[in-house]
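Given next are the chains, with one letter for each unit.
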Amino acid sequence: MKIAVLTSGGDSAGMNAVVRAVVKAGILKGCETWIVREGYEGLVRGNTDADAPSPPNLQTTLDVNVRDPSFIQNLRFGDGALLRDGTGDHTSGRTLRGRYIVRGGTLIGTARSQVFRTTEGRLTAAYNLIKEGIDALVVCGGDEWPTHIQTLRSQDRITDEQVSRHGHLRIVGLVGSIDNDMSLTDLTIGAPTALHRICEAIDNIHSTAISHSRAFVLEVMGRHCGWLTLMSGVSSGADFIFIPEHPAQGNPWEDEMCRIIHQHRENGKRKTIVIVAEGAHDADLKPIRAEYVKDILTDRLGLDTRVTTLGHVQRGGRPCAWDRVWPTLQGLDAVDALLEATPDTPSYMIGMRENKVHRVPLVEAVKTTKGVAEAIQNRDFEKAMSLRDPEFQETFEEHPLLPPEKRIRVGIMHTGAPAGGMNAATRAAVRYCIRQGHTPLAISNGFKGLLDDNVYELSWLGVDNWMVRGGSELGTNRTLPDIDLGGVASKFQEHHLQALLMIGGFEAFSSLLILEDGKKYYPAFRIPMIHIPATISNNVPMTELSLGSDTSLNALVSACDSIKQSASASRNRVFVVETQGGMCGYIATMGALAVGAVIVYTPEVLKMRYGLDEKGQSEGRVVIRNEKASNIYTTEVITKIFKEEGGELFDARSASLGHTLQGGVPSPLDRVYGVRFALKSMAFIEKHHEQLREQKFKARVANPETAAVITLQNSAIKYVPVQEMAAHADLKNRRGKNAWWGEYKELVERLAARPQLL
């Protein structure tokens, strides 16, 4: 089968990863892979005779015998100068090398083709595909193929044989859009990176806003979808946002916005951040512009206000980790969908649902997406919100103020190693507590701090800037409560703790298990207790995501990009990169998938890959190793083996990233989930406190459901009793028994062509 891939419309980070994945997967499946330059415009233009590709003249460094000889004929896999049938380097020098996955935008070009929108343009595109013998197309959609075939035959532009062979065009669509505006998929390609760019800009604005006590109004992209505005508002702690699906409340909305911002200023806040989607409007569909919002803040509140329009900055920069991993997985599935397609199967959109690659009929996805715009135009905003992700509705949930008798003293503690998102979750919990009339109590330095009475009340203003801070503002350590369980129970009573919120990794899970077991001896533990997973290792059982793991993954990707650049410049160098992660290989596996590295490269594989490189054009390569992968084959030993075996063919170096993977500004994803987990945890606490407060203290019976871990499973928040979770935990190795990402280890090795070489 001949498969062509194109990128079209507005560019977005992750498109290059899709092209690379489609090319690699196609070749691994024995297909010929083509690229179409300049999107649909290139499809219409086609190739002239002068452009006709010639067979590659491969001059490898060494003569190498491999397990699958046909692999050599299709070599370069999307990472070299010899891609087959016209998919080689552009004359400008742009390539599809291994570092292709780290580039933003699309290197094969894109264009908004007006010609393709006409029947004649699409007919010409169909002819060009048939002329080149293309059987399947990734990205391009449409349902007029049979009509085009008959028209071309009637005009004698194609033969009966071509009609027979190409009567059915296999088509798969992958959505590249920074707005995340396609329904029936959780994320579109490019949206996470755009969110990174927005949050980076807001983080940089914070310092100048505080310095001058200014207000900033930011306009971000999103003509029909407010996802970028909503998520950036949550992850930056914005004071007010405007999105198309949920117009600002209040009549007029100006009064409501001024009331909220004035209250924040009265509380002592020195900065004001308002984020406006480019498609924002009021309840009457009247557009809301950033300049108008600025005038309101200046005239009515007397704030020194500035407007910042981010524009195309949001599209640029290197893709974040998830805009490399998910597009890669989607590109691989796209090839499988094409190979499985028949004339009776629909054209699919490949998206992500519940943390997995998901296929949905393209027509259905487009119809549902159009339904959102139609609902907005009909002012049915409730329906528009229902067609978006559950996160949209959760963010705007109303929480009525509780009466005094239902208010709680909530202890908040960080346990284990620091992780990005801990402070964001704490800030959200504290703000919620204060709004509801609860008392948030910081327990500094974990259980040691509790035993030392290092407990104090947190304030609304005191946590204001915690959203963008990495590490742990409360202080944390790995001490478990069984160091003095009786003393811990005594401190619970002394400080009158009525609920406990623990944020941390496997130590927090272990601590909660100890406290749950201690309920039968100490009535002070018969209170609602909940654990928010926060660890860079992502080793807490039964949850797909722990706070800090995304920040750590992005830190690893950034470091490996720099290392790979150095390795490539040296032409023949291998870097062995050691990551943290304990006995859990999540960071190493997903990092390898994101940067185009491999987890384990034997010397035999390295020799073959370098031997197959075009002479004088060898690439640098990266091997990622988990710190606990082996006590014998350490990073130092593996590097020495590679050096010895490489001889004159390649050199080897090592790099240990260590605690750099824990630090830095938390990623937007870790901030958003930190807020989401915190609010859901407070709802859990309020629910179970209400049930327990009806019982007498000493006779109180707290069932196992009152001590739980909040988890993310299939994109949904679920509370798992800690005793139930213990059955799914490998306590010796400090990880879950089943890892949802485990299958990707084999995938990484397949992408590195290990099965074809050995």
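Source: prediction; values computed, not measured.

Rules of the game
Here the residue numbering is sequential within each chain, running from 1 through the sequence in written order. Under the rules for a predicted model, residues below a pLDDT of 70 receive no local features and side-chain atom pairs below 80 are neither given nor counted, while totals for whole chains, interfaces and linings still include all residues. The basis for every side-chain value is the complete set of non-hydrogen atoms in the structure, without hydrogens or water. Every patch collects residues that have over 30% relative accessible area and no salt bridge, joining them within 9 Å if they carry like charges and within 5 Å if they are nonpolar side chains (Val, Leu, Ile, Met, Phe, Trp, Tyr). Using a 1.4 Å probe, accessible areas were evaluated by the Shrake-Rupley method; residue-level cover was limited to the displayed protein chains. A side-chain nitrogen of Lys or Arg and a carboxyl oxygen of Asp or Glu constitute a salt bridge if their distance falls within 4 Å. Helix numbering and strand numbering both begin at the N terminus, where a helix is a DSSP run of H or I of at least 4 residues and a strand a DSSP run of E of at least 2. Think of a polar contact as two N or O atoms within 3.5 Å of one another; within protein, one of them needs to be a possible hydrogen donor and the other a possible acceptor, and neighboring residues in sequence only count if both atoms come from side chains. Every residue pair with non-hydrogen atoms within 4.5 Å of one another is taken to be in contact. Angular values range over 0 to 180 degrees, each being the angle between N-to-C directions of two axes fitted as lines to C-alpha atoms, with helices fitted over their stretch in contact. Helix crossings fall into two classes, left-handed where the near helix is turned counterclockwise from the far one by less than a right angle and right-handed where it is turned clockwise. All amino acids are sorted into three groups, where Ala, Val, Leu, Ile, Met, Phe, Trp, Tyr, Cys and Pro are nonpolar, Asp, Glu, Lys and Arg are charged, and the leftover types, Gly among them, are polar. DSSP-based pairing: two strands are paired if at least 2 bridges between them are found. Buried Ala, Val, Leu, Ile, Met, Phe, Trp, Tyr and Cys residues that are joined via side-chain atoms within 4.5 Å together make up what is termed a nonpolar core. With a 1.4 Å probe rolled over the protein chains alone, any residue whose accessible area is under 20% of its type maximum counts as buried; one over 50% counts as exposed, and the rest are partly exposed. How far a helix is expected to stretch is found by multiplying one less than its residue total by 1.5 Å. When two rings of Phe, Tyr or Trp (its six-membered ring) have centres within 6.5 Å they constitute a pair, described as stacked for plane angles under 30 degrees, edge-to-face for angles over 60, and tilted for the intermediate range.

A. Seen up close, a nonpolar patch on the surface. Together, Ile632, Tyr633 and Val637 line one region of the surface with nonpolar side chains, adding up to about 300 Å² of accessible area. When you line up the elements, tyrosine 633 lands in the loop between β17 (621-626) and α22 (635-646).

B. Quick peek at the side chain of threonine 305. Summarising the element assignment, threonine 305 is placed in strand β8 (residues 305-309). Here the side chain of threonine 305 touches threonine 298 through a polar contact of 3.5 Å, side chain to side chain. Apart from residues no more than four positions distant in its own chain, threonine 305 is found in contact with Ala215, Val217, Lys294, Leu297 and Thr298.

C. Expanded view of the packing of helix α20 (residues 586-595) against helix α25 (residues 744-751). Across the interface, α20 lies against α25 with an axial gap of 9 Å and an inter-helix angle of 35°. The handedness of the crossing between α20 and α25 comes out as left-handed. Contacts between α20 and α25 pair Thr589, Met590, Ala592 and Leu593 from the former with Tyr744, Lys745, Leu747, Val748 and Leu751 from the latter. Here the residues of the contact of α20 with α25 are counted per class, giving seven nonpolar, one polar and one charged.

D. Molecular detail of the sheet that holds β8. The strand order across the open sheet built from four strands is β6-β7-β5-β8, with neighbouring strands paired in parallel fashion. Each of the sheet's edge strands pairs with one partner strand only, and the pair in question is β6 (240-242) and β8. Averaged over all pairs of adjacent strands, the angle between their axes in this sheet comes to 15°, without regard to strand direction. The pairing of strand β5 (residues 215-220) with strand β7 (residues 272-277) spans six bridges and is classified as parallel. Note on β7: the bridge partner recorded for valine 217 is valine 274.

E. Representation of the nonpolar core in the model. Of all hydrophobic cores here, the largest spans 123 residues; its most connected members are Ile532 and Ile685. Contact partners of isoleucine 685, with chain neighbours within four places excluded, come to Ile408, Val410, Ala499, Leu500, Leu501, Pro528 and Ile530. Membership of the second largest hydrophobic core comes to 29 residues, among which are Leu450, Val455, Ala489 and Leu512.

F. Structural view of helix α23 (residues 668-692). For α23, spanning 25 residues, the distance from its first C-alpha to its last is 36 Å, which sits close to the expected 36 Å at 1.5 Å a residue. Of all 25 residues that make up α23, 18 are buried, and the element is covered over most of its length.

G. Highlighting the sheet that holds strand β3 (residues 136-138). What the six strands build is an open sheet, ordered β2-β1-β3-β4-β9-β10; its pairing is mixed. The sheet terminates laterally at β2 (32-36) and β10 (356-361), the two strands that pair on one side only. Each strand of the sheet is rotated relative to its neighbour by a mean of 25°, with strand direction disregarded. Looking at chain direction, strand β9 (residues 348-353) and β10 are connected through six bridges and run antiparallel. If you follow methionine 352 over to β10, its bridge partner there is valine 357. Lying on the sheet, helix α1 (residues 15-28) is in contact with β1 (2-6), β2, β3 and β4 (170-174); it crosses β2 at an angle near 155°.

H. A look at the packing of aromatic side chains. Per the stated rule, a full pass over the model turns up 12 aromatic pairs. With 5.2 Å between their ring centres and 85° between their planes, phenylalanine 492 and phenylalanine 525 make a pair best called edge-to-face. One end of the pair, phenylalanine 492, is in helix α17 (residues 485-494); the other, phenylalanine 525, is in the loop between α18 (506-517) and β15 (529-533), with 33 residues separating them in the sequence. An identical accessibility class is assigned to phenylalanine 492 and phenylalanine 525; each is buried.

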